[in-house]
Amino acid sequence: MYFGYVRKHILNWKNFILFLIFLFTNLAILLSISVGYTFTLLKQSYFYKYSGFRTIIADSNDINNLKKINHVLAVEDAKYRNPLTFSSKDFDSDLKGEILINALISKEDLKIKRGKMIKNANEAICSDIFFPYEIEVRNGKTIFNKSRIMSGKSILNKSFSIYENDEKIATYDIVGTFDTKKTMNALNSCYILKDDFEKIIQDESDLNQSISNSNESGSMLLVDKYENVEKVLKSLEKANISCYVVSELNEGYIKILTYFPIFASIIISLLFMIVLESFLSKKVKYRSKCNAILKSIGFENKKIENINILENIILFFISFLISIILYLILFFYIKNVLLAEYIYDGTFIPFSIVPIILSFILEIIIILLVNKRVLRLKLNKSVEEILLWNI
């Protein structure tokens, strides 16, 4: 009975304005929660696990003592620090092939997705989302053709050779692929054994790029967890060993991107409550004649209140569905177009349904609370005024 009445009376200009209020508020709260939640996921699942933020270069070659420091997962010569870039001719010939060769320092840092971990010489594991090409730059803009990405399944058990100035350096068999989304490695990354990496950098005269690696002094420490990096740095300082972290994570910037959206969501919600209460008060006054008629034909205040709430909830659901569609379009446009080049560097913007659920729960609570409060205060007054006026 309620729905039939609402269906006949829902189309009016007041409800259209209320629909727009719902729509813009839905989008604003949904985007705010999404930004905060997305950066929280990035921080926990990507930034804190990225080896560059957990790698320390120490001015010491006493590897045995360095290994005794708490929370140090592995210690190696600093010459293994940087990946080496080589050209490759074993993939599509119309694009310039380019592969980053890394020395495998810690097996714990790589999650094998297909195949197996490397054990023998001339074996390699590569990114499960593989893009073994050089990124194009046109007019200062990075061009990343995602259609050329190769799946781990298509490269498993295949071989590739690396070249320096058209001279073949080595050939490797791809025996496995690692989960790229858990490492933040560039999509053209492959790992080989340290001994194989050592062979590459032995001849400095032929490989100009390797000089930067072979001249690295000191040791490279890989810390088990990001939160323990500061502890290891303090241990090194106490031992009077100069050191630095390979890649610094800007914690202040991450905090802003994480907590500011939460603050914005609270402010938007408060403004939404104020605007909604003001508008519903006017809407009840606008609908006072209809409510009075319902009252005169035997409708109780509770039933009239439920009719008004149902009407507002229907408008909210319609606007929320439309806002979800707009949000998904905007999210995937930002992810796949505006931020596409970051995928090449191994930064994947995760999609989650959690922000949609959180924003829905938050808004439905606000709407129900404000509706009940306004209707209980204004409904009786407006109906009584109309009935007295008719008398």
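Everything numeric here is computed off the predicted structure, so don't read it as measured data. (Residues numbered from 1 in each chain as written. Predicted model: local features only at pLDDT ≥ 70, side-chain atom pairs only at ≥ 80, totals over all residues. Heavy atoms only, no water.)

Across its full length, the chain holds 12 helices and 15 strands. Here the contacts in the chain between residues at least 6 apart in sequence split such that 80% fall between residues at least 24 apart. (Helix = DSSP H or I, 4+ residues; strand = E, 2+ residues; numbered from the N terminus. Contact = heavy atoms within 4.5 Å.)

Glancing now at the nonpolar core. Phe22, Phe47, Ile56, Leu221, Val232, Leu236 and Leu276 are the most contacted members of the largest nonpolar core, which totals 48 residues. Going through the elements one at a time, α2 (13-45), β1 (55-58), β2 (72-77), β14 (219-223), α7 (229-238), α8 (251-286), α10 (301-338) and α12 (354-390) are the ones with two or more residues in this core. Excluding anything up to four places from it in sequence, Val232 contacts Ile56, Ile69, Asn70, His71, Val72, Leu221 and Val223. (Core = buried A, V, L, I, M, F, W, Y, C linked by side-chain atoms within 4.5 Å. Buried < 20%, exposed > 50% of the residue type's maximum accessible area, 1.4 Å probe, protein only.)

Moving on, we come to the state of the cysteines. Applying the stated criterion across every chain, the model contains 1 disulfide. A sulfur-sulfur separation of 2.1 Å characterises the disulfide bridge that pairs Cys126 with Cys190. For the disulfide bridge between Cys126 and Cys190, the dihedral angle about the S-S bond is near 105°, and by the sign convention the bridge is right-handed. Of this pair, Cys126 sits in strand β6 (residues 123-127) while Cys190 sits in strand β13 (residues 189-192), and the two are 64 residues apart along the sequence. The class of Cys190 is buried, set by a relative accessible area of 0%. (Disulfide = S-S within 2.5 Å.)

Taken together, the buried positions of α7 are occupied by Val229, Val232, Leu233 and Leu236. Each buried residue of α7 lies within a common arc of 100° when the element is viewed along its axis, so the set occupies one face. Contacts from the buried residues of α7 go to β1, α3 (63-67), β2, β14 and β15 (243-245). Just past α7, the residue Asn240 takes up positive phi, approximately 60°. (Arc of directions from axis to C-beta.)

Now for the confidence of the model for the chain. Residues of the chain with pLDDT of at least 70 account for 80%, and the chain-wide mean is 81. When pLDDT is averaged over each helix and strand of the chain, the minimum, 48, is found for helix α6 (residues 211-214) and the maximum, 94, for β6. Long-range and interchain partners of residues 382-391, a stretch whose pLDDT sits below 50, account for 10 contacts in this model, where long-range means more than four residues apart. (pLDDT = per-residue confidence, 0-100.)

Here the structure, examined in full by the defined rule, presents 15 aromatic pairs. Between Phe316 and Phe317, the aromatic rings sit 5.9 Å apart at their centres with planes inclined by 65°, giving edge-to-face as the arrangement. Look at Phe316 and you get buried, because its relative accessible area is 0%. Between Phe331 and Phe332, the ring centres sit 5.2 Å apart and the planes meet at 85°, which makes this aromatic pair edge-to-face. Looking at Phe332, the relative accessible area reads 33%, which means it is partly exposed. An aromatic cluster is present here, built from Phe22, Phe272, Phe316, Phe317, Phe320 and Phe360 joined pairwise through their rings. Over the face of the ring belonging to Tyr163 we find Lys89, whose NZ or CZ atom lies 4.6 Å from the ring centre. Positioned over the ring face of Tyr133 is Arg148, at 5.9 Å from the centre of the ring. (Phe/Tyr/Trp six-rings, centres within 6.5 Å; stacked < 30°, edge-to-face > 60°. Lys NZ or Arg CZ within 6 Å of the ring centre and 35° of its normal.)

For the rest of this paragraph, the subject is the environment of Glu134. Summarising the element assignment, Glu134 is placed in the loop between β7 (129-130) and β8 (136-138). By relative accessible area, which is 35% here, Glu134 ends up partly exposed. Once the C-alpha coordinates of Glu134 and Asn188 are considered, the two residues, 54 residues apart in sequence, prove to be 8.7 Å apart. Not counting chain neighbours up to four residues away, the residues in contact with Glu134 comprise Lys96 and Glu98.

A few words on the side chain of Asn188. Positionally, Asn188 belongs in the loop between β12 (167-178) and β13. What makes Asn188 buried here is its relative accessible area of 1%.

Reading across the sheet, the 4 strands line up as β2-β14-β1-β15 and stay open at both edges, with antiparallel pairing between neighbours. Only two strands of the sheet have a single neighbouring strand rather than two, namely β2 and β15. Strand after strand, the sheet turns through a mean of 25° between neighbouring axes, direction not considered. Both β2 and β14 contribute to a ladder of 5 bridges, which runs antiparallel. Pairing of Glu76 across the sheet is with Met220, part of β14. (Pairing = 2+ DSSP bridges. Axes fitted to C-alpha atoms, helices over the stretch in contact; angles between N-to-C directions.)

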